[in-house]
Number of protein chains: 2
Amino acid sequence: MADLDVADLHGSLTDRALTSMNFLNEVANHYPDAISLAAGRPYEEFYALDDLHSYLDTFSRYLREELGYDEAGVRRAIFQYGRTKGIVHHLVARNLEIDEGITVDPEALVVTVGCQEAMLLVLRALRAGPSDVLLTVSPAYVGIIGAARLVDLPVLAVAGGNDGVDLDDLVAVVKKARAEGLRPRACYVMPDFANPTGLSLDLETRHRLLEIAAQEDLLLLEDNPYGLFPAEGVDRVPTLKALDTERRVVYLGSFAKTALPGARVGYVVADQTVAAPDGTIGLLADELSKIKSMVTVNTSAVAQAVIGGKLLANGCSLVSANHRERAIYAANLRAITDGLAARFPDGTLTWTVPSGGFFVVVTVPFAVDDALLEKSAQEYGVLWTPMGHFYDGDGPVHSLRLSCSAVTLEQIDAGLDRLAALIDDQL
Amino acid sequence: MADLDVADLHGSLTDRALTSMNFLNEVANHYPDAISLAAGRPYEEFYALDDLHSYLDTFSRYLREELGYDEAGVRRAIFQYGRTKGIVHHLVARNLEIDEGITVDPEALVVTVGCQEAMLLVLRALRAGPSDVLLTVSPAYVGIIGAARLVDLPVLAVAGGNDGVDLDDLVAVVKKARAEGLRPRACYVMPDFANPTGLSLDLETRHRLLEIAAQEDLLLLEDNPYGLFPAEGVDRVPTLKALDTERRVVYLGSFAKTALPGARVGYVVADQTVAAPDGTIGLLADELSKIKSMVTVNTSAVAQAVIGGKLLANGCSLVSANHRERAIYAANLRAITDGLAARFPDGTLTWTVPSGGFFVVVTVPFAVDDALLEKSAQEYGVLWTPMGHFYDGDGPVHSLRLSCSAVTLEQIDAGLDRLAALIDDQL
């Protein structure tokens, strides 16, 4: 007999949102020789161990020369417990100004253990009672659904449509929820080259989304891991946060794709004001910081120093730090869509042609499930992601996600040949 | 008008467990020149920036030479996303074998973002419904109460008494809770030189606690940040986990005091078996890992590499890595208790004489509250911690905690003079 029964543990542990990551990782680990058009991790050929040393040195020099720390102070900043909201907040604020045109008080930033912790902190703060619900544009990144499960926050899906978000559906979902006595707290959206759809919101849709958020008194949780990677010839569109004049947007930031995932450093901009019972007004960032003190205490100072050093080494611009990566992702994305067009000229399949990011969604004339992925891995040697993992429900889904970020052009070519063989055999 | 009202956010945000850390930090920041007999951070004079570089190099060499990684594999391990349960698990298992005589399957370990994340993961897993409760030996570390608040898990206090835990009270609390329809899931305890009491459980009490846990079908959450720091001439006592033959103990580990806090690396040993709905048996560690994937994804590989390097550089023994620190803490602890005896020979005060760790509790003949701490900081230039912060209630508390870890002998001497002046003025 086992010591414990999973039925006696938190309900999230048997929820698809939490088991699906595990399943996908297991398939990938079980078939290490399969070509992975599933992995969304960043391109790694430019990583160099020496960079870690130079980033640490650069950040130490910044503490000494720019902030005036003495040697003991530098050691204390990097080795000891630190400020809960982080120690690279000024550098992140500079980065947001330079790369995104977002002007933010560094005090409104919380540096987190990756963007995932930022999501958890925000959802934990917003879930005050059983009538609270979160809206997400659907299909959505698994991490936001999983974080919602951990704080017992139900998720209502808003149709993504062809524009990245169906604004009429958003209003309808909000009104229906309220009619049922529910309290929609926020809507999660990835406006730039979304995971998993690859879709982006155009400028007009962004403005209208902000208007609706104001009308309906909703917060928008803007997640932007891929914004720096537009396709060849595509211009970037301002983020919601850059357009936000009423503090409607909580901005979730990641350095995983633009610096390195191994640091696990992300952040949240939470400049919303919060009234305390005694009438004092503080920042949502400070409320998130209180929660963070009981989740991770603070983000590793060593890890922050690495990210701080990389920012400093690039004049705080990650656009300029990612010229080579951007070109590779753009070429790979193009290779996937061109490769699909070459292999499926007859219209049996459709696929998205994203204006940037890592992902292409392919729609096929049969249901795509985990069993088909296992078959694909074992018999065809190619990995991809069943789109069902990004929907908060169990209905059949006829599409799959391809990722261009962790492969070479040769692997894309071979991977698409294998995928085409699988698909032909299913038809 | 503010954008949000704290009354519409999660209840933990107005709870003393979460605001108390903030208050204590604010007082410390506001009076930087006060002598801190409050700070529980480790001694920092031996920290050296060069060590970071050598730890990273040592860990890279281990991946290459001991685990057989090629250069691309080493870069991938340190720069990319990694195994949710961590990448230094074999080294932590070796450390537990060498320093604690705990033999553990590395697969039963989850490497976490400090011990705080380990607590959160365990409490999140154990809180399945509204009848679940956590027991903690009281007074208790603020972090466990705070983590319980974040997952809406009520906390029942078990008297600590003079032996570190009052076993009769433990049984009584369990029985009373069950009679009320509650489900006690676990009891949190710090058996070695506890924060805040400084008390330790003797060997017999440990055996009896394990027996009671088995009788009452309770898990024990053993937290052990200070075990490596016994006082001069004191022998270490085996941990509960080392004595645990029935997988009753979930062991919470920290490298903050024994390596460096700035890495934010801790771990949990969760070797309990868990039955899944399909009848398969897994490890509690794997359930915790699923939750972790939605809290922080994985612990920073860079931070793990630093801790892994420090472990490797010391033959995986943190006992041998901490000879100098142990001697300093022992001398400082002695200086505090000797200093109190010299200043208060007449019996107006009492204090604990711990057999190790960082903390001495002083009981005074008047109530000790936050206002007195502020007065002490402002008028007397000495910081300490009101013991009320470690009780889950609001009653008056007549004691304060002194910490010996982040001060010199000279600062202890001057700090005690200032404390004596404050106390004399209160009498």
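Under the annotation held in an unreviewed UniProt entry, chain A carries the name PLP-dependent aminotransferase family protein and is attributed to Kribbella sancticallisti. Under Cofactor (unreviewed entry), UniProt gives the following word-for-word description of chain A: "pyridoxal 5'-phosphate".

(A) Local environment of the interface of chain B and chain A. Tallying the contact residues gives 87 residues for chain B and 86 residues for chain A. In total, chain B and chain A occlude about 7,600 Å² of area from one another, counting both sides; carbon and sulfur atoms represent 62% of this. On the chain B side of the interface with chain A, the three residues burying the most area are Phe79(B), Tyr81(B) and Met294(B), jointly 12% of the side's total. Across the contact surface, chain B and chain A share 8 salt bridges. Across the salt bridge formed by Asp152(A) and Arg124(B), the nearest N and O atoms sit 3.6 Å from each other. Broken down by element, the residue count for the side of chain B that touches chain A peaks at 7 residues, all from helix α2 (residues 49-66) of chain B. The residue makeup of the side of chain B that touches chain A, split by class, is 46 nonpolar, 18 polar and 23 charged. Across 2 bridges, the pairing between strand β10 (residues 273-275) of chain A and strand β1 (residues 4-5) of chain B is parallel. The residue of β1(B) that forms the bridge with Ala275(A) is Asp5(B).

(B) Up close: the domain arrangement of chain A. Residue and element names in this part refer to chain A. Domain annotation of chain A identifies domain 1 (6-45 + 322-426) and domain 2 (71-317). Summarising the inter-unit geometry, the C-alpha centres of domain 1 and domain 2 are found 26 Å apart. In this assembly, 28 residues from domain 1 lie in contact with 30 residues from domain 2. A buried area of about 2,500 Å², summed over both sides, lies between domain 1 and domain 2, and 62% of it is on carbon and sulfur atoms. Our enumeration of links across domain 1 and domain 2 arrives at 2 salt bridges. Across the salt bridge formed by Asp 15 and Arg 149, the nearest N and O atoms sit 2.6 Å from each other. At the junction of domain 1 and domain 2, the tally comes to 10 residue pairs in polar contact (both at pLDDT 80 or more). Counting only elements with at least two residues in the side of domain 1 that touches domain 2, the list comes to α1 (16-30), α13 (323-343) and β13 (359-363). For the side of domain 1 that touches domain 2, the class distribution of residues is 13 nonpolar, 10 polar and 5 charged.

(C) Inspection of the UniProt feature "domain: Aminotransferase class I/classII large" (unreviewed entry) in chain A at higher detail. Feature annotation in UniProt places "domain: Aminotransferase class I/classII large" (unreviewed entry) on residues 77-419 of chain A, given in this structure's numbering. Annotated as 40% helix and 17% strand, the span residues 77-419 of chain A places its first and last C-alpha atoms 50 Å apart.

(D) Region of the structure containing the sheet that holds strand β1 (residues 4-5) of chain A. The 3 strands are arranged β1(A)-β10(B)-β11(B) in an open sheet whose pairing can be described as mixed. One side of each edge strand has no neighbouring strand; the edge strands of this open sheet are β1 of chain A together with β11 (281-283) of chain B.

(E) View of the sheet that holds strand β5 (residues 155-159) of chain B. Residue and element names in this part refer to chain B. With respect to topology, 7 strands assemble into an open sheet ordered β3-β9-β8-β7-β6-β4-β5, the strand pairing being mixed. The open sheet is flanked by β3 (109-112) and β5, the only strands paired with a single partner. Each strand axis lies, on average, 20 degrees off the axis of its neighbour in the sheet, ignoring direction. Looking at chain direction, strand β8 (residues 249-254) and strand β9 (residues 266-269) are connected through 4 bridges and run antiparallel. Considered in β9, the bridge of Ser 254 is made with Gly 266.

(F) Local environment of the pairing of strand β5 (residues 155-159) of chain A. Residues and elements named next belong to chain A. Bridge count between strand β4 (residues 132-138) and β5: 5 bridges; the pairing is parallel. Bridge pairing in β5 links Leu 134 to Val 155. As for the winding sense of the linkage, the β-α-β connection from β4 through helix α6 (residues 142-150) to β5 is right-handed.

(G) Spatial organisation of the relation of the copies chain B and chain A. Each copy of the sequence occupies a distinct position, and chain B is placed on chain A by a rotation of 180 degrees and an axial shift of 0.0 Å, giving an RMSD of 0.0 Å. In the structure described here, the two chain copies are related by an operation that fits a two-fold rotation axis. A share of 99% of the interface residues of chain B reappears at the interface of chain A, consistent with the copies meeting face to face through the same patch.

(H) Broad picture of the pattern of salt bridges. With the rule as written, the count across this model stands at 56 salt bridges over all chains. In this structure, the salt-bridge partner of Asp132(B) is Arg183(B), at a minimum N-O distance of 2.6 Å. Separated by 51 residues along the polypeptide, Asp132(B) in strand β4 (residues 132-138) and Arg183(B) in strand β6 (residues 183-189) bring together distant segments of the chain. Residue Asp392(B) pairs with Arg149(B) through a salt bridge whose shortest N-O separation is 2.4 Å. Within this pair, whereas Asp392(B) is found in the loop between β15 (385-386) and β16 (399-403), its partner Arg149(B) is found in helix α6 (residues 142-150), the two being separated by 243 residues in sequence. For Asp392(B), a relative accessible area of 40% gives the class partly exposed. When salt bridges that share partners are traced, they join Asp8(A), Asp132(B), Arg183(B) and Arg185(B) into one network.

(I) Structural detail: the pairing of strand β6 (residues 183-189) of chain A. Residues and elements named next belong to chain A. The element β6 is largely enclosed, with a buried count of 6 among its 7 residues. In terms of strand pairing, β4 meets β6 through 5 bridges, oriented parallel. Paired with Val 133 across the strands is Pro 184, a residue of β6. Across 4 bridges, β6 lies against strand β7 (residues 219-223) in parallel orientation. In the strand pairing of β7, Cys 187 is matched with Leu 220. Taken together, β6, helix α8 (residues 203-215) and β7 form a β-α-β motif whose crossover is right-handed.

(J) Expanded view of the packing of aromatic side chains. Residues and elements named next belong to chain A. Scanning the entire structure with this criterion turns up 22 aromatic pairs over all chains. Relative to Phe 359, the ring of Tyr 226 has its centre 5.4 Å away and its plane inclined at 85 degrees; by these criteria the two rings are edge-to-face. You can see Tyr 226 sitting in the loop between β7 and α9 (240-243) and its partner Phe 359 sitting in strand β13, a full 133 residues away along the chain. Given a relative accessible area of 4%, Tyr 226 falls into the buried group. Ring pairing ties together the aromatic residues Tyr 226, Phe 229, Tyr 329, Phe 358 and Phe 359, which thus form one cluster. Of note, Arg 324 hangs over the ring of Phe 46, and the distance from its end group to the ring centre comes to 3.8 Å.

What counts, and where the lines are drawn
- Residues numbered from 1 in each chain as written.
- Chains lettered and ligands numbered in written order.
- Predicted model: local features only at pLDDT ≥ 70, side-chain atom pairs only at ≥ 80, totals over all residues.
- Heavy atoms only, no water.
- UniProt positions renumbered as here; feature names shortened; annotations may be inferred.
- Contact = heavy atoms within 4.5 Å.
- Buried area = accessible area lost by both parts, 1.4 Å probe.
- Salt bridge = Lys/Arg side-chain N within 4 Å of Asp/Glu carboxyl O.
- Helix = DSSP H or I, 4+ residues; strand = E, 2+ residues; numbered from the N terminus.
- Nonpolar A, V, L, I, M, F, W, Y, C, P; charged D, E, K, R; others polar.
- Pairing = 2+ DSSP bridges.
- Domains from an automatic or database assignment.
- Polar contact = N/O pair within 3.5 Å; in protein donor to acceptor, adjacent residues only side chain to side chain.
- Axes fitted to C-alpha atoms, helices over the stretch in contact; angles between N-to-C directions.
- Right-handed = clockwise from strand over helix to strand, strands pointing away.
- Least-squares fit on C-alpha atoms with pLDDT ≥ 70 in both.
- Buried < 20%, exposed > 50% of the residue type's maximum accessible area, 1.4 Å probe, protein only.
- Phe/Tyr/Trp six-rings, centres within 6.5 Å; stacked < 30°, edge-to-face > 60°.
- Lys NZ or Arg CZ within 6 Å of the ring centre and 35° of its normal.

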